[in-house]
Amino acid sequence: MKTLVAYFSQTGKTKMVADAIYESIEGEKELKELGEVDSLEGYDLSFIGFPIIAFGPAKEGKEFLEQKAAGKKVALFITHAAPEDQEGIDEWLNKCKAAAASAELVGFFDCMGELSEQIAEFLMKNDDPMMRSFGERRPETIGQPDESRLQRARDFAREVMARL
Ligand SMILES: Cc1cc2nc3c(=O)[nH]c(=O)nc-3n(C[C@H](O)[C@H](O)[C@H](O)COP(=O)(O)O)c2cc1C
């Protein structure tokens, strides 16, 4: 069994989850940035991760799934600055799942990731009030993903591996 863990991460938060997943996997495995992955051929399972950007999947993640994941076994991991139980978040996460519609989706994980100071400042200057309100929420995201969330990511990876 050969497993790939591939991620797109602008500020390192999704990479933290990728590292946690990677370290939990047994057998032949590779850890790569999404931009380095030309094809999923040769992998029995691919964990693919990226952040939520502007209420949906990061463009890099969405395009990768639409163009390269057809017919492949894929488990998604997503980070976002909103708390996991925030109202409306399912809609964003469903857009991530929809991007993987041509793949065989075998697992899905999401958790909070810190909104970086630089990004928060950028968002607070945005014309869109929704974006501005996001920028203001940085304090509650600091330190995420914390150890409990990384442990959930490890458990998720082991559960997917055990099931396949
Ligand atoms: C331009 C931009 C827009 C974002 N929009 C959202 C959003 O709509 N909802 C959300 O929960 N987080 C949003 N975020 C926060 C990121 O999803 C979050 O900080 C994530 O953990 C960053 O992951 P990374 O460090 O791997 O890039 C946004 C971040 C950026 C840079």
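What you are looking at is a predicted structure, and each value in this text was computed from that prediction instead of being measured.

**Q** Give me the lowdown on the site of the ligand, citing residues and values where you can.
**A** Ser9, Gln10, Thr11, Thr14 and Ile52 are the nearest of the 21 residues found near the ligand. Between Gly12 and the ligand, the recorded distance is 3.1 Å, taken from a backbone N or O atom to an oxygen atom. Thr14 is positioned with one of its side-chain polar atoms (N or O) 2.6 Å from an oxygen atom of the ligand. Here the ligand, which alone exposes 650 Å², has 94% of that area covered by the protein. Secondary-structure elements contributing two or more residues to the shell around the ligand are helix H1 (13-24) and strand E4 (73-80). Taken together, the residues that form the shell around the ligand break down as 11 nonpolar, eight polar and two charged.

**Q** Requested: an account of the packing of aromatic side chains, with residues and values cited.
**A** What the rule picks out here adds up to five aromatic pairs. Members of the aromatic cluster, connected to one another through ring pairs, are Phe47, Phe109 and Phe156. One cation-aromatic arrangement involves Arg137 over Phe134; the distance from NZ or CZ to the ring centre is 5.7 Å.

**Q** Break down the pairing of E4 for me, citing the residues and quoting the values.
**A** Of all eight residues in E4, seven are buried; the element is thus mostly enclosed. The handedness of the strand E3 (residues 45-51) to E4 crossover, carried by helix H2 (residues 59-68), is right-handed. Relative to strand E5 (residues 104-112), E4 is paired through eight bridges, and the arrangement is parallel. When the bridges of E5 are listed, Ala75 appears paired with Gly107. Taken together, E4, helix H3 (residues 89-99) and E5 form a β-α-β motif whose crossover is right-handed.

**Q** Account for the pairing of E3, with residues named and values stated.
**A** In terms of residue burial, E3 counts as a mostly covered element, since seven of its seven residues are buried. Neither face of E3 is exposed, since Leu45, Phe47, Gly49 and Pro51 on one face and Ser46, Ile48 and Phe50 on the opposite face are all buried. Relative to E3, strand E1 (residues 2-7) is paired through five bridges, and the arrangement is parallel. Of the residues in E3, the one forming a bridge with Val5 is Phe47. Pairing analysis gives six bridges linking E3 to E4, with the strands arranged parallel. Each residue of the ladder has a partner; that of Gly49, found in E4, is Phe77.

**Q** Tell me about the sheet that holds strand E2 (residues 28-33), and name the residues and values.
**A** If you walk across this open sheet you meet the five strands as E2-E1-E3-E4-E5, and the pairing is parallel. If you trace the sheet from one side to the other, it starts and ends with E2 and E5, each paired once. Taken over all neighbouring pairs, the strand axes of this sheet differ in orientation by 15 degrees on average, direction set aside. Each of E3 and E4 is contacted by H2, which is oriented at about 150 degrees to E3, the strand it contacts most.

Rules used throughout
Residues numbered from 1 in each chain as written. Predicted model: local features only at pLDDT ≥ 70, side-chain atom pairs only at ≥ 80, totals over all residues. Heavy atoms only, no water. Near = heavy atom within 4 Å. Polar contact = N/O pair within 3.5 Å; in protein donor to acceptor, adjacent residues only side chain to side chain. Areas by Shrake-Rupley, 256 points an atom, 1.4 Å probe, with all protein chains shown as cover. Helix = DSSP H or I, 4+ residues; strand = E, 2+ residues; numbered from the N terminus. Nonpolar A, V, L, I, M, F, W, Y, C, P; charged D, E, K, R; others polar. Phe/Tyr/Trp six-rings, centres within 6.5 Å; stacked < 30°, edge-to-face > 60°. Lys NZ or Arg CZ within 6 Å of the ring centre and 35° of its normal. Buried < 20%, exposed > 50% of the residue type's maximum accessible area, 1.4 Å probe, protein only. Right-handed = clockwise from strand over helix to strand, strands pointing away. Pairing = 2+ DSSP bridges. Axes fitted to C-alpha atoms, helices over the stretch in contact; angles between N-to-C directions. Contact = heavy atoms within 4.5 Å.

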